[in-house]
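Coordinates in review
For reference, the chains in residue letters:
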Amino acid sequence: MQLRNSTYRSVRECAKKVYANEGLKAFYISFPTTVSMSIPFQSVQFATYEYCRSKFDPEGSYNPKIHMLAGAVAGTVASSVTTPLDVVKTLLQTKGSSKDADIKNCNGFREATNIIYNRHGIKGFFRGFRPRVLTNMPSTAISWSVYEYFKWFLASEEGDKFIDRI
C-alpha cells in the first residue's frame, strides 16, 4: 500500500489480493533479508551510540544534547551500512506489484541481489540512501534520547516517588 498509485483501499483488501495472487509465501518472502538487515543495523547502531556517547561525554552524565547527537550519528552509520540489504528487502517486498517478469518471479535474496547488480551495478545497492539516512538519523536520535531520559528519570528521586505511587 506504500507504493505510489496503489490500487488497494484497505489493509484487508490488500492482504486478500496478495494472498490470492501470490499465496502465503508472499507475506514472508523478505523475512530472512529483514532479519539479516535488522541484526547488523541494531548492532552497529548500539555500538556506535555507546562509542559516541562515551567520547562526547566521558563522565556519562545525563545530557540530552549529547544523547541526541550520539543517536543521530548512530542512526546515520547504521542506516548507511545496511542500505544494500534494505534495497534487496524492498525489491522482495514489492515484487508482487512489479510489471517486470524477472522481479515478479524473484524467489529470494540471491536472485534479488543479482537483479539489482546486473541492472544497476554496485550503485544500485545504494538507491534510496539519502532518504533512508534522513529517516533513521532523527528517529534514532529521538529513540536514544527518550531511552536515556527514562533511564535518568527512573534512577532519580522523582522516579522513585513515581514507582512508589504505582
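All values reported here derive from a predicted model rather than from experimental measurement.

Overview of the overall build of the protein chain
Within the protein chain one finds 7 helices and 0 strands. In sequence order, the protein chain lays out its α and β elements as α-α-α-α-α-α-α. By its C-alpha atoms, the protein chain is 60 × 40 × 25 Å across when sized along the principal axes. Here the contacts in the protein chain between residues at least 6 apart in sequence split such that 62% fall between residues at least 24 apart. Of the charged side chains in the protein chain, 22 are positive and 14 negative; the average position of the first set lies 13 Å away from that of the second.

Quick look at the UniProt feature "repeat: Solcar" (unreviewed entry) in the protein chain
When the UniProt feature table is mapped onto this chain numbering, "repeat: Solcar" (unreviewed entry) sits at residues 1-55 and 62-153. Along residues 62-153, the helical share is 78% and the strand share 0%, with 10 Å between the first and last C-alpha atoms.

Cut-offs used in this document
- Residues numbered from 1 in each chain as written.
- Predicted model: local features only at pLDDT ≥ 70, side-chain atom pairs only at ≥ 80, totals over all residues.
- Heavy atoms only, no water.
- Helix = DSSP H or I, 4+ residues; strand = E, 2+ residues; numbered from the N terminus.
- Contact = heavy atoms within 4.5 Å.
- Lys, Arg positive; Asp, Glu negative; His and termini not counted.
- Charge placed at Lys NZ, Arg CZ, Asp CG, Glu CD.
- UniProt positions renumbered as here; feature names shortened; annotations may be inferred.

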